[in-house]
Amino acid sequence: NFNTQLPGFINIREKQIARELKIQGFINNVTGSFTSSVGVVQKPDRWRETVSINIGTNLLTATTFNTRVTMLPRSYEYCRTYWPDDTQTGTPKYYADYDYNNFVFVPTPDTTYPFEINYWQLLQPLDASNQTNWLTEYAPNALLHGTLVEAFNYLKNPEQAASWAQAYDRDISGLANEDIQKILDRAQKRTTS
């Protein structure tokens, strides 16, 4: 019975790590185009949280959409108040979560503007057909130690679970600190005299 639970332990910990870390390995971008007169757009596969959305507009030229404009996030209620008639169209300016699987954009797009969505994602889960993902490549210790926490909790062994939890916490802290270092400009680091 324990062996049949192992894939579940791994899957639980993959989701836990995605909730705890907002680092480079969990960010993704997708591009697409609006459908004219359709303001509700499906969110990307394995979407967790939106970082930003931009659309291509034709501000500089009349024929291409090569000027990017960042859309502004708003509440669903704000979007519906701002643009109450879905049949009226224009250049989208705001977006909101319509539900967990969809966005709503207002004004309703009047043409097929290209868009780019930058978002935090759940990784492709590990299973029999998918043996690797970002965690197995770049953070195998965190995945292993987190999975061992799940396993020892299942086995009702709190001492071993606590021991592996300490190792897991160190791994997560290290990954978060490593990502912060990528963001900092080395020329701006303080030196001690």
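Heads up: the structure comes first, above all this text.
Residues numbered from 1 in each chain as written. Predicted model: local features only at pLDDT ≥ 70, side-chain atom pairs only at ≥ 80, totals over all residues. Heavy atoms only, no water.

**Focus on the overall build of the protein**
- Helix and strand content of the protein: five helices and ten strands.
- Burial statistics for the protein: of 193 residues in total, 36% are counted as buried.
- In the protein, of all internal contacts separated by at least 6 residues, the share reaching a separation of at least 24 is 64%.
- Total accessible area on the protein stands at roughly 11800 Å², and carbon and sulfur atoms take up 50% of it. (Helix = DSSP H or I, 4+ residues; strand = E, 2+ residues; numbered from the N terminus. Buried < 20%, exposed > 50% of the residue type's maximum accessible area, 1.4 Å probe, protein only. Contact = heavy atoms within 4.5 Å. Areas by Shrake-Rupley, 256 points an atom, 1.4 Å probe, with all protein chains shown as cover.)

**A look at the sheet that holds strand S7 (residues 94-99)**
- Taken together, the four strands give an open sheet; going across it, the order is S2-S8-S7-S5, and neighbouring strands pair in mixed fashion. In the strand order of this sheet, the two ends are held by strand S2 (40-42) and strand S5 (72-73), each with one partner.
- Direction of pairing for S5 relative to S7: parallel, over a ladder of two bridges. Its bridge partner lying in S7, Leu 72 is registered against Tyr 94. (Pairing = 2+ DSSP bridges.)

**A look at the pairing of strand S3 (residues 47-57)**
- Pairing of S3 with strand S10 (residues 114-121) involves seven bridges; the strand directions are antiparallel. Paired with Ser 52 across the bridge in S10 is Asn 118.
- Note: S3 against strand S4 (residues 67-70), four bridges, orientation antiparallel. In the sheet register, Ile 55 faces S4, and the bridge partner there is Val 69.

**Side note on the pattern of salt bridges**
- Counted according to the given criterion, the structure contains five salt bridges.
- For Arg 80, the salt bridge identified is with Asp 86, shortest N-O distance 2.7 Å. (Salt bridge = Lys/Arg side-chain N within 4 Å of Asp/Glu carboxyl O.)

**A few points about the sheet that holds S3**
- With antiparallel pairing, four strands are arranged side by side in an open sheet as S1-S10-S3-S4. Of all strands in the sheet, those with a lone pairing partner are strand S1 (27-33) and S4, marking the two edges. Neighbour-to-neighbour, the strand axes of the sheet open up by a mean angle of 30°, direction not taken into account. (Axes fitted to C-alpha atoms, helices over the stretch in contact; angles between N-to-C directions.)

**Comments concerning the environment of Glu 116**
- With respect to the helices and strands, Glu 116 occurs in strand S10.
- By relative accessible area, which is 28% here, Glu 116 ends up partly exposed.

**Observations regarding the packing of helix H1 (residues 2-20) against helix H4 (residues 140-154)**
- Direction vectors running N to C along H1 and H4 enclose 125°, while the axes themselves pass 8 Å from each other. Judged on the interaxial angle alone, H4 and H1 are oblique. Along this stretch, H1 crosses H4, giving a crossing that reads as right-handed. Contacts from Phe 2, Gln 5, Phe 9, Ile 10, Ile 12, Arg 13, Glu 14 and Ile 17 in H1 reach Ala 142, Leu 143, Gly 146, Thr 147, Val 149, Glu 150, Ala 151 and Tyr 154 in H4. (Parallel < 35°, antiparallel > 145°, perpendicular 65-115°, else oblique. Left-handed = near helix turned anticlockwise from the far one by under 90°.)

**Observations concerning the packing of aromatic side chains**
- The tally for this structure, following the rule as stated, stands at 17 aromatic pairs.
- With a centroid separation of 5.6 Å and 55° between ring planes, the pair formed by Phe 26 and Trp 134 is classed as tilted. One end of the pair, Phe 26, is in the loop between H1 and S1; the other, Trp 134, is in helix H3 (residues 134-138), and 108 residues separate them in sequence.
- Of the residues examined, Trp 134 reaches a relative accessible area of 21% and is grouped as partly exposed. (Phe/Tyr/Trp six-rings, centres within 6.5 Å; stacked < 30°, edge-to-face > 60°.)

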